[in-house]
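Fold and contact review
So you can see what is in the structure, the chains are spelled out below.
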Amino acid sequence: MLDVRDLTAGYATGTVLRGLSLTVAAGELLALLGRNGMGKTTLLRAVCGLRPPAPTGGSVRVAGEEVTGLPAYQVARRGVSLVPQGRRVFGSLTVEENLRIAARPGDWDLDGVWELFPRLVERRGQPAATLSGGEQQMLAIGRSLMTNPRLLLMDEPSEGLAPAVLDLITDRLGQIRGQGQAVLLAEQNVDLALALADRVCILGEAGTVAWSGPPATLRDDPPILRELVGLEKGAR
Ligand SMILES: Nc1ncnc2c1ncn2[C@@H]1O[C@H](COP(=O)(O)OP(=O)(O)OP(=O)(O)O)[C@@H](O)[C@H]1O
Ligand SMILES: [Mg+2]
């Protein structure tokens, strides 16, 4: 579903991704790990056409179609949706309005999102800005699902969540997984990533994939986790 090949991208201040390649198959969940500043957000933004960063080489294909250089709204039309780092819901719109404006035809609809996150039903008429951080994360995920994406990009959905909300979000991501769409999940939470991933890639300092493999291998290899992710499993 996603085929990134030799992608080079960065900012006026410097190149971040230097010939990065990875693929995500239909229905697969690929977890993207890496320390702060290794380029996880840069990659997700480059894939969905958001600027900056500027892609300067290589290619991004979605379902076989070249999307490199297309503006974000055109990439979105091809079935790519991003749950951005830091949520970014429309604060002045109600919960229900946030969901309705994202709607596109497909299996996911308002009822499906209410079922996934009953808490949002209680909040449906409230401005999104009044939600807690965890509720905003639920809304951001729900909004992406409403677009019925073929490829769902998620940027650190666990960031800043209290443990109980983190457990709930982990459980729900587990439900979403395997429902057909490909998922590229950028995370620093190793436990979450290993619990959900079919496969793991770790971004390294060279601006490329430093390690990739199955989650079970990574779980059994604390030195790789220490070196490339900077954390041991269970450290957070
Ligand atoms: N808008 C920008 N302008 C210039 N440099 C940027 C910009 N955004 C990110 N960078 C730089 O690009 C590099 C990669 O950043 P990026 O946000 O992609 O990392 P990340 O892996 O998502 O980190 P984190 O885990 O903290 O979210 C960092 O050195 C960062 O300082
Ligand atoms: Mg980031």
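Since the model is a prediction, treat every value here as computed from it, not as a measurement.

A word on the overall build of the chain. A count of helical and extended segments in the chain gives 10 helices and 10 strands. Radius of gyration (C-alpha) of the chain: 17 Å, near the 18 Å computed for a compact globule of 236 residues. Dimensions of the chain, computed from the C-alpha atoms along their principal axes, are close to 45 × 40 × 35 Å. Classification of the 236 residues of the chain by burial places 40% in the buried group.

Interface size is often expressed as the accessible area that is lost when the parts come together. For the chain, the assigned domains read domain 1 (1-79 + 151-156 + 181-236) and domain 2 (81-148). Distance from the C-alpha centre of domain 1 to the C-alpha centre of domain 2: 24 Å. Taken together, the nine residues of domain 1 in the interface contact six residues of domain 2. Mapped by element, the contributors of at least two residues to the side of domain 1 that touches domain 2 are α1 (40-48) and β7 (151-155). For the side of domain 1 that touches domain 2, the element with the highest residue contribution is β7, accounting for four residues.

Around ligand 1, a shell composed of 14 residues is seen, among which Y11, N36, K40, T41 and T42 lie nearest. Counted by class, the shell around ligand 1 contains four nonpolar, nine polar and one charged residues.

What counts and what doesn't
Residues numbered from 1 in each chain as written. Chains lettered and ligands numbered in written order. Predicted model: local features only at pLDDT ≥ 70, side-chain atom pairs only at ≥ 80, totals over all residues. Helix = DSSP H or I, 4+ residues; strand = E, 2+ residues; numbered from the N terminus. Rg over C-alpha atoms; globule rule 2.2 N^0.38 Å. Buried ≥ 20, exposed ≤ 12 C-beta atoms within 10 Å, placed from the backbone. Domains from an automatic or database assignment. Contact = placed C-beta atoms within 7 Å. Near = placed C-beta within 6 Å. Nonpolar A, V, L, I, M, F, W, Y, C, P; charged D, E, K, R; others polar.

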